[in-house]
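Fold and contact review
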Amino acid sequence: MAGGRINDDDVKAVRDAVPIDAVVSEYLQLRSAGGGNLKGLCPFHDEKSPSFQVSPSKGLFHCFGCQEGGDTIAFVMKIDHLSFSETVERLAAKAGITLRYEEGGYNPGHQRGERIRLIEAHKAAAQFYAEQLDGAEAEIGRKFLAERGFDQAAAQHFGVGYSPAGWDHLTRHLRGKGFSDKELLVSGLAQESRRNPIDRFRGRLMWPIRDVGGDVVGFGARKLRDDDTGPKYLNTPETPIYKKSQVLYGIDLAKKDIAKSSRAVVVEGYTDVMACHLAGVTTAIATCGTAFGGDHIKILRRLLMDNGSARVIFTFDGDAAGQKAALRAFEDDQKFAAETYIAIAPDGMDPCELRLAKGDDAVADLVEPRTPLFEFALRQIVNRYDLETPAGRAAALDEAAPIVARIKNIASQHEVAVQLAGMLGILDTQFVVKRVAQFARWARDRGGRGPAPATQARPPAAAPAPHAPAAPSGPALNLRSPAHRTERELLKLALQYPALVSPAFDAYGADEFTAPPYAAVRQTIADAGGAEQGISNAAEYLARVRDAAPDDRVRALVTELAVEVIHGRTVDETYAGDQLVQVRLRAVDRRIRDVTGSLTRLGTHADPDHLAAVQNELWVLQQYAQSLRNNGADAL
């Protein structure tokens with residue numbers, strides 16, 4: 001970064017000031033995992049059950065599925081694709097910490113990371129637009145809102161604003177705040193003209209679009225005047241911080257209630273989100289100028305955490321376009337573990353119109369689950385055919401069966417196939433079930449397009465993900481091996497409860513750990529000053545151990561062991577002593593075998609002094625082993 005290196009003490013202050021669970025909770029739902037840890041669905045890879053763990057006391061996260069791990073800064077860097085400096089600056093801003101920069105003092109704003117600058121430009125633009133809504137020119141915008149049942153308080157709650165009709169009001173305002181023309185063009189807030197950049201949005205009602213973390217990343221702009229020749233809705237173009245397939249309007253306001261209630265309501269527009277929230281349906285969100293798709297599902301799944309009671313309700317318009325949108329949503333239905341439903345008002349009104357006509361209660365009643373999405377999608381297909389004729393029923397079956405065949409769960413697929421038979425009026429339900437299964441097999445035979453077989457072998461739990469860091473060279477870790485299992489437990493204790501194993505642990509050599517990855521972690525702890533360093537300040541100790549790691553592979557394993565739950569029913573001195581004894585005893589037994597082999601190879605013709613020294617070593621080792629077996633940790 002051009003502005004100089006951030007002061008180390010300030011980086012530490014940021015780490016200490018921003019709790020990792022508070023940051024991670026902005027992106028996914030966390031639940032108790034026991035032992036003071038939290039768990040959720042990993043945001044870095046797709047998974048059905050939570051293997052992502054957060055340790056608030058240690059300030060670390062680790063995913064046991066994809067092996068991603070680290071501290072608060074590492075999490076934000078990874079999930080928001082930021083540099084180290086950008087991440088520290090962003091977290092410092094949240095914590096109210098003023099950073100100091102070495103090699104030149106305070107870092108000038110124009111030299112800060114691109115994402116930070118673009119976020120700041122959008123924040124300033126949102127404030128500018130909101131202030132303009134009070135002006136005389138914005139009367140038409142206030143009227144638009146009032147006609148839809150939104151007062152000044154509602155506009156303020158959602159940050160609704162107005163973009164002046166002139167060519168460069170916002171551009172000049174942001175230039176005055178130190179933003180360059182290049183930054184304004186890259187942000188999408190301005191666009192090229194023949195001479196100078198001009199405002200992209202002019203004379204429109206403005207909705208700020210925020211990401212899951214609450215930062216403004218773009219805008220949705222509604223046309224207000226007949227002489228505006230642009231589209232009814234104009235959105236921010238694709239930028240480094242705005243990807244329309246990855247944003248959901250209202251997610252910043254809805255995320256906590258989505259996680260709390262395990263329910264999300266997907267509506268079609270900005271005013272529908274406003275209407276739902278004001279009517280008490282605070283889990284409503286909407287896509288921004290694009291169809292609901294796979295990336296949106298990933299955002300919701302992390303908040304819903306795919307528990308058995310999770311529900312997603314779509315409220316598409318009752319017109320042809322709305323029905324088409326519902327069918328598109330059904331194509332992605334199997335990416336949800338949640339139950340999916342569709343809610344359409346009998347007269348085809350959207351939530352905004354419904355609230356105006358019938359009040360808040362009608363909106364709340366609308367989004368109570370009515371029709372499963374798969375049933376709606378199938379009925380849309382079936383209704384296009386004449387089911388009074390055998391040919392009509394056969395044609396409807398051939399179009400609907402591939403839809404049912406996409407359902408991955410065989411039991412659900414069978415159940416829906418039986419329902420399809422009822423919709424079609426085909427009395428032989430087994431014929432329909434077999435036809436669906438035939439389509440499923442056919443899709444698989446064509447190279448994996450269509451549903452995956454229910455019996456598909458799952459990868460072994462111990463197999464690393466393709467992008468996971470490889471372990472240090474040596475035999476693979478085998479947690480069914482008692483030696484590996486005990487060594488792992490002892491290292492977890494040394495990282496999580498150093499007071500229970502110190503000072504004995506610090507006298508252990510790396511060669512007492514049979515698995516090279518564990519030996520590397522033991523050496524890393526030693527290089528960081530030993531486990532005894534962790535007694536006074538656990539957070540600093542873990543940070544020092546991670547910093548001492550020779551490479552990312554060892555660092556990832558340190559993080560994993562620092563977060564993983566310890567298997568002892570009671571984690572106390574007795575349990576810690578047992579692990580210390582077992583690791584030491586196995587090391588002594590290995591040495592006894594080595595010395596016994598040496599003695600055998602020496603034979604009776606060896607140098608008497610050398611032979612006596614080896615015999616003496618063997619006797620000492622045997623006595624030590626016996627003492628460890630008899631006296632346990634007292635013999636260490």
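Summarised in this report is the structure supplied together with it. Since the structure is predicted, the reported quantities are computational estimates derived from the model, not experimental observations. (Residues numbered from 1 in each chain as written. Predicted model: local features only at pLDDT ≥ 70, side-chain atom pairs only at ≥ 80, totals over all residues. Heavy atoms only, no water.)

**Looking at the pairing of strand β13 (residues 263–267)**
- Within β13, 5 of the 5 residues are buried, which leaves it mostly tucked inside the rest of the structure.
- Pairing of β13 with strand β15 (residues 311–314), which is carried by 4 bridges, proceeds in the parallel orientation. Bridged to Arg263 within β15 is Arg311.
- By the bridge criterion, 3 bridges tie β13 to strand β14 (residues 284–287) in an arrangement that is parallel. (Buried < 20%, exposed > 50% of the residue type's maximum accessible area, 1.4 Å probe, protein only. Helix = DSSP H or I, 4+ residues; strand = E, 2+ residues; numbered from the N terminus. Pairing = 2+ DSSP bridges.)

**Details of the nonpolar core**
- In this structure, Phe52, Phe75, Ile251 and Leu300 are the most contacted members of the largest nonpolar core, which totals 52 residues.
- If one sorts the elements of this core by residue count, helix α12 (residues 294–304) sits on top with 5 residues.
- If you look at the next biggest cluster of nonpolar residues, it comprises 44 residues, including Leu118, Val160, Val247 and Met349. (Core = buried A, V, L, I, M, F, W, Y, C linked by side-chain atoms within 4.5 Å.)

**Observations concerning helix α24 (residues 552–563)**
- Across its 12 residues, α24 extends 17 Å between first and last C-alpha, which sits within 8% of the 16 Å expected from 1.5 Å per residue.
- Along α24, the positions that sit buried rather than exposed are Val554, Ala556, Leu557, Val558, Thr559, Glu560, Leu561, Ala562 and Val563.
- Two or three places before Arg553, at the opening of α24, Asp551 has a side-chain oxygen 3.1 Å from that residue's backbone nitrogen. (Expected span 1.5 Å × (residues − 1). Polar contact = N/O pair within 3.5 Å; in protein donor to acceptor, adjacent residues only side chain to side chain.)

**Some remarks on empty space enclosed by the protein**
- Within this structure, the stated rule accounts for 3 cavities of 30 Å³ or more.
- Here the largest cavity defines a volume of roughly 50 Å³.
- Contributing to the lining of the largest cavity are Phe158, Pro208, Arg210, Tyr249, Gly250, Asp252 and Leu253.
- Elements represented by at least two residues in the lining of the largest cavity include exactly β9 (204–210) and α10 (251–261).
- Looking at side-chain class alone, the lining of the largest cavity contains 4 nonpolar, 1 polar and 2 charged residues. (1 Å grid on protein atoms, 1.4 Å probe; cavity = no way out; pocket = protein on both sides within 12 Å on 5 of 7 lines; lining within 4 Å. Points joined across faces, edges and corners; volume = space filled by probe spheres on them. Nonpolar A, V, L, I, M, F, W, Y, C, P; charged D, E, K, R; others polar.)

**A look at the pattern of salt bridges**
- Per the counting criterion, the structure on display carries 31 salt bridges.
- With a closest N to O distance of 2.6 Å, Arg5 and Asp8 form a salt bridge.
- Judged by its relative accessible area of 41%, Arg5 is partly exposed.
- Since its relative accessible area comes to 44%, Asp8 is described here as partly exposed.
- If you follow the salt bridges from partner to partner, you end up with Arg488, Glu489, Lys492, Glu560 and Glu564 in one network. (Salt bridge = Lys/Arg side-chain N within 4 Å of Asp/Glu carboxyl O.)

**Here we look at the packing of aromatic side chains**
- Tallied over the full model, the rule gives 17 aromatic pairs.
- Taken together, a centroid distance of 5.5 Å and an interplanar angle of 80° make the contact between Phe61 and Phe75 edge-to-face. Placement of the pair is Phe61 in strand β4 (residues 60–63) and Phe75 in helix α3 (residues 72–80), with a sequence separation of 14 residues. For the pair Phe61 and Phe75, a shared accessibility class is recorded, and that class is buried.
- In this structure an aromatic cluster arises from ring pairing among Tyr27, Phe44, Phe52, Phe61 and Phe75.
- Here the basic side chain of Lys78 rests over the ring of Phe44, its NZ or CZ set 5.8 Å away from the ring centre. (Phe/Tyr/Trp six-rings, centres within 6.5 Å; stacked < 30°, edge-to-face > 60°. Lys NZ or Arg CZ within 6 Å of the ring centre and 35° of its normal.)

**With respect to the pairing of strand β2 (residues 37–40)**
- In this sheet, β2 lies alongside strand β1 (residues 31–34) in antiparallel orientation, the contact comprising 3 bridges. Bridging across to β2, Gly34 finds its partner in Asn37.
- Note that β2 and strand β3 (residues 52–55) share 3 bridges and pair antiparallel. Across the sheet, the residue bridging to Leu38 is Val54, located in β3.

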